[in-house]
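Coordinate inspection notes
Residue strings, one per chain:
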Amino acid sequence: MRKTQGSKPQSLKGRRVLVEQMIYYNEMERGQMPAVIGLLQKISDFNPEPTTYDRIWADYSQQGHVFPIVAHLADGFVLGFGALLIERKIRGGSLGHIEDVATHHEFRGKGIGLTLMSKLTDIARERGCYKVALHCRKHNVSFYENCGFEASGTSMQKIL
Ligand SMILES: CC(C)(COP(=O)(O)OP(=O)(O)OC[C@H]1O[C@@H](n2cnc3c(N)ncnc32)[C@H](O)[C@@H]1OP(=O)(O)O)[C@@H](O)C(=O)NCCC(=O)NCCS
């Protein structure tokens, strides 16, 4: 059913009307890298060279504790992405981290982000996580509150 995207940019032509059709949520495949990396430019503008995709995918996909989910139409057109990372804690138990949630700008406000969050949370629950956590920008707080999250602590980082 699903077709891969190669390295061509996605074309929007004729697709806006298709969004009411069935949206599929599946584990990401290598061929979806160009579309997913395109979506993630909204979060940060790091854009790896397409010649490095194979090496990045080989490193990324062999991690047993990372679960990347893609929302797409039946023809493979990518509408959204999100990933869950499961960390084993030093005092035991598993903590899920949700990362890189983004939906295509033409298809926002249609419940895709909410469904991605629900799928990632379900995976965390099925894998025995006691909690899921994420960092986000202030303007996205109400989106995550809509997903059942609540603010906790202050996020900090140091760019290396
Ligand atoms: C944040 C984002 C993933 C939401 O995706 P989406 O598919 O538009 O979300 P949904 O349609 O499932 O929205 C769910 C609910 O949250 C609301 N919502 C969506 N984005 C919101 C935002 N940025 N701020 C406040 N509320 C928001 C929607 O209105 C909807 O509310 P409703 O059910 O009461 O109508 C999307 O706006 C996006 O990709 N943003 C750019 C990338 C980004 O900032 N990602 C987050 C990284 S921390």
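One can find the structure itself at the top, above this paragraph.
Residues numbered from 1 in each chain as written. Predicted model: local features only at pLDDT ≥ 70, side-chain atom pairs only at ≥ 80, totals over all residues.

Around the ligand there are 19 residues in total, and Thr 103, Arg 108, Gly 113, Leu 114 and Phe 143 lie nearest to it. Of all the elements in the fold, those that place two or more residues in the shell around the ligand are strand S4 (94-103), helix H3 (112-126) and helix H4 (141-146). When its residues are assigned to classes, the shell around the ligand shows seven nonpolar, eight polar and four charged. (Near = placed C-beta within 6 Å. Helix = DSSP H or I, 4+ residues; strand = E, 2+ residues; numbered from the N terminus. Nonpolar A, V, L, I, M, F, W, Y, C, P; charged D, E, K, R; others polar.)

Read across the sheet, five strands follow the order S1-S2-S3-S4-S5 without closing on themselves; strand pairing throughout is mixed. Edge positions in the sheet fall to strand S1 (24-27) and strand S5 (129-133), since each of these pairs with one other strand and no more. Across the sheet, the mean angle from the axis of one strand to that of its neighbour is 25°, orientation sign disregarded. In this sheet, S5 lies alongside S4 in parallel orientation, the contact comprising four bridges. Counterpart to Leu 95 in the pairing with S5 is Lys 131. Contacts from H3 reach S1, strand S2 (66-72), strand S3 (78-88), S4 and S5 within the one sheet, and its direction differs from that of S3 by about 25°. (Pairing = 2+ DSSP bridges. Axes fitted to C-alpha atoms, helices over the stretch in contact; angles between N-to-C directions. Contact = placed C-beta atoms within 7 Å.)

From the geometry alone we can't say anything about function, so treat these as descriptive.
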